[in-house]
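# Residue-level structural notes
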Amino acid sequence: MFEPPIQRLIDELARLPGVGRKSAQRIAFHLLNAEQADAQRLADAISEMRSSVRLCNRCYNVTADQECSICSDLRRDTTVVCVVERAQDIPVLERTQSFRGRYHVLGGAVNPIAGIHEENLRIKELVDRVELEGIKEVIAATNPTLEGDTTAMMISRRLKPLGVTVTRLASGLPVGGDLDYADEVTLGRALTGRQEL
Amino acid sequence: MAIRSDQGIVLRGYPFGESHRVVVLLSPNHGKLRTVAKGVRKTKSRFGGRLEPMTHVDIVLYEGKELDTVTQVSVINGFPNIRNDLDRVLAAGTMIEVVDAVIQEDDPSLRMFLLLQRGLSVLDDAQPHPALVTAFLLKAADIVGVAPAFDTCSGCGRTDNLRRFNFAAGGSVCEECRSPGSYSLRAGVVEYLASVAAADITDLPNTDESMSKEALGITKRFMEYHLERQLKTLAVPNV
Ligand SMILES: [Zn+2]
Ligand SMILES: [Zn+2]
């Protein structure tokens, strides 16, 4: 046990993902020995992030404004929406530079055993958007897990009657990898989703 | 520390640490197994889809202090058609939830393993029969020794006029034996449930939609009474 103010910081740091007790102690003592201004900047960054970041009114991405930078970008294609489980999936897809539409953040994937049902996700909000925004294609970019696949099928069942095209991200082989390293489930899906050359 | 091999059907998994996953399997020999699969949440993981729920796998385990670590996995049956169909995946989810609820760790039940394996195979082969989940629940109840009585009154043993169902009594009851908390059932439901309980899950009796819904509803409530918890995966109107 350290002096209470230090111990309190160590306890908080140790709750962060990927930070063990040892690292928490190292960080705490680093901050103790740092300039007052340096420590203050970190504290300010954390509290400002928490107080200014909110959810986009349209897509539920994180933003500091009413709408996120993607939704308010006039060059984006408003007829295509890519549905993701979490806001942190958006920058990952943006890095591909292969998508020019908008997003919709569900807030998770259905997992009935864990008590997460359709009504706990923003599927109703997605249906409303499709009806109001003239969306023509919805891409289900949920994780390729049982929960993500089930969620994608539920979205499809809800949206198909509205006459919108629902597509799913293809599952396949990692680019640059060897075929014999792929597991049979991934390989099987890659075969089913094969494309004509 | 030793290495051992086993097989099992993956019931569920949950994140563990940064990139690991705890995977819970039903083994025919050891009941529920709680194992750790290291690094599987990374896209490059070799285990990839092999440890997703509803997959029957052969595994090699490295025994650890608390959790055994999965070192090799090969798929025996991935039930691929279940995963591509919403109705099947939901039915399979209920089967998995029930098995997960009634079987404990180090509580081997070969019969329950075989029931789950067959249930998933039947789902993988064809669209689910409307009574499949009902039949699965009744057979699971039978394996754990709480099968409801359908053809005789749980109070006096008579075999006619069984229009009520009482969870605490253990099944159907007649008008004289009915006690507070007995459910009143529509004519024919008890007979239908009896025929479902007796049938093989590949050859289930047909009936109309409202009868099969009522049969499923009462079976669900019966299971929940015995499990002392709700079945979260099963959305049927309560009877
Ligand atoms: Zn937005
Ligand atoms: Zn009686």
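Residues numbered from 1 in each chain as written. Chains lettered and ligands numbered in written order. Predicted model: local features only at pLDDT ≥ 70, side-chain atom pairs only at ≥ 80, totals over all residues.

### With respect to the overall build of chain A
- The helix and strand tally for chain A stands at seven helices and six strands.
- Beginning at the N terminus, the succession of helices and strands in chain A can be written as α-α-α-β-β-β-α-β-α-β-α-β-α.
- Compactness check: chain A gives a C-alpha radius of gyration of 22 Å against a globular reference of 16 Å for 197 residues, more than 25% above the reference.
- Its C-alpha atoms put chain A at 65 × 45 × 35 Å along the principal axes.
- Counting over 197 residues, chain A shows a buried share of 25%.
- The long-range share in chain A, meaning contacts at least 24 apart out of those at least 6 apart in sequence, stands at 47%. (Helix = DSSP H or I, 4+ residues; strand = E, 2+ residues; numbered from the N terminus. Rg over C-alpha atoms; globule rule 2.2 N^0.38 Å. Buried ≥ 20, exposed ≤ 12 C-beta atoms within 10 Å, placed from the backbone. Contact = placed C-beta atoms within 7 Å.)

### Considerations on the domain arrangement of chain B
All names here are of chain B.
- Per the domain assignment, the segments making up chain B are domain 1 (3-78) and domain 2 (81-227).
- On a C-alpha basis, the centroid separation for the pair domain 1 and domain 2 is 30 Å.
- Counting from both sides, the interface comprises 13 residues of domain 1 and, opposite them, 17 residues of domain 2.
- Secondary-structure elements contributing two or more residues to the side of domain 1 that touches domain 2 are strand E1 (3-16) and strand E3 (31-37). (Domains from an automatic or database assignment.)

### Considerations on the pairing of E3(B)
Residue and element names in this part refer to chain B.
- Of all seven residues that make up E3, five are buried, and the element is covered over most of its length.
- Pairing analysis gives seven bridges linking strand E2 (residues 20-27) to E3, with the strands arranged antiparallel. Looking at the pairing, Val 22 lines up with Val 36 of E3.
- The turn linking E2 back onto E3 is made up of three residues.
- Relative to strand E5 (residues 68-77), E3 runs parallel, the two being bridged by two bridges. Bridging from a neighbouring strand, Val 36 pairs with Thr 69 of E5. (Pairing = 2+ DSSP bridges.)

### Remarks on the pairing of E5(B)
Residue and element names in this part refer to chain B.
- Where strand E4 (residues 56-62) lies against E5, seven bridges are found, and the strand directions are antiparallel. Bridging from a neighbouring strand, Val 60 pairs with Gln 72 of E5.
- Between E4 and E5, which pair antiparallel one after the other, the connecting turn spans five residues.

### Regarding the confidence of the model for chain A
- Residues with a pLDDT of 70 or more make up 100% of chain A, whose mean pLDDT is 91.
- Mean pLDDT across the elements of chain A bottoms out in helix H7 (residues 184-192) of chain A (81) and peaks in strand E4 (residues 102-105) of chain A (98). (pLDDT = per-residue confidence, 0-100.)

### A word on the sheet that holds E2(B)
- Taken in spatial order, the five strands close into a barrel running E1-E2-E3-E5-E4 (chain B), and their pairing is mixed. Averaged over neighbouring strand pairs, the angle between their axes works out to 50° when direction is ignored. (Axes fitted to C-alpha atoms, helices over the stretch in contact; angles between N-to-C directions.)

### A look at the packing of helix H2 (residues 86-102) of chain B against helix H3 (residues 110-125) of chain B
Residue and element names in this part refer to chain B.
- Running from amino to carboxyl end, H2 crosses H3 at an angle of 175°, the nearest separation of the two axes being 10 Å. Between H2 and H3, the angle falls in the class roughly antiparallel. Where H2 abuts H3, its residues Arg 88, Ala 91, Ala 92, Met 95 and Val 99 lie against Met 112, Leu 116, Gly 119, Leu 120 and Leu 123.
- Among the residues forming the contact of H2 with H3, the class breakdown is eight nonpolar, one polar and one charged. (Parallel < 35°, antiparallel > 145°, perpendicular 65-115°, else oblique. Nonpolar A, V, L, I, M, F, W, Y, C, P; charged D, E, K, R; others polar.)

### Things to note about the nonpolar core
- Grouped together as the largest cluster of nonpolar side chains are 66 residues, with contacts concentrated most on B:Ala92, B:Met95, B:Val99 and B:Leu116.
- Three or more residues apiece are contributed to this core by two domains, here domain 1 (3-78) and domain 2 (81-227) of chain B.
- Membership of the second largest hydrophobic core comes to 29 residues, among which are A:Val84, A:Val105, A:Leu126 and A:Ile135. (Core = buried A, V, L, I, M, F, W, Y, C linked by C-beta atoms within 7 Å.)

### Considerations on the sheet that holds E4(A)
Residue and element names in this part refer to chain A.
- Here we have four strands laid out as an open sheet, ordered E4-E3-E5-E6, and parallel in their pairing. Looking at which strands have only one partner, the edges of the open sheet turn out to be E4 and strand E6 (165-168). On average, each strand axis in the sheet is inclined to that of its neighbour by 25°, with strand direction left out of account.
- The pairing of strand E3 (residues 80-84) with strand E5 (residues 137-140) spans four bridges and is parallel. Across the sheet, residue Val 81 finds its bridge partner in E5, namely Val 138.
- Sitting on the sheet, helix H6 (residues 146-159) touches E3, E5 and E6, and the angle it makes with E5 is about 165°.

### Observations regarding the environment of B:Asp125
- Inspection of the secondary structure puts B:Asp125 in helix H3.
- Between the C-alpha atom of B:Asp125 and that of B:Ile9, which follows or precedes it by 116 residues, the distance is 17 Å.

### Concerning the interface of chain B and chain A
- Taken together, the 22 residues of chain B in the interface contact 19 residues of chain A.
- Elements with a minimum of two residues in the side of chain B that touches chain A: helix H1 (80-83) and H2 of chain B.
- Of the residues forming the side of chain B that touches chain A, the biggest block, four residues, is contributed by H2(B).
- The class makeup of the residues in the side of chain B that touches chain A is seven nonpolar, six polar and nine charged.

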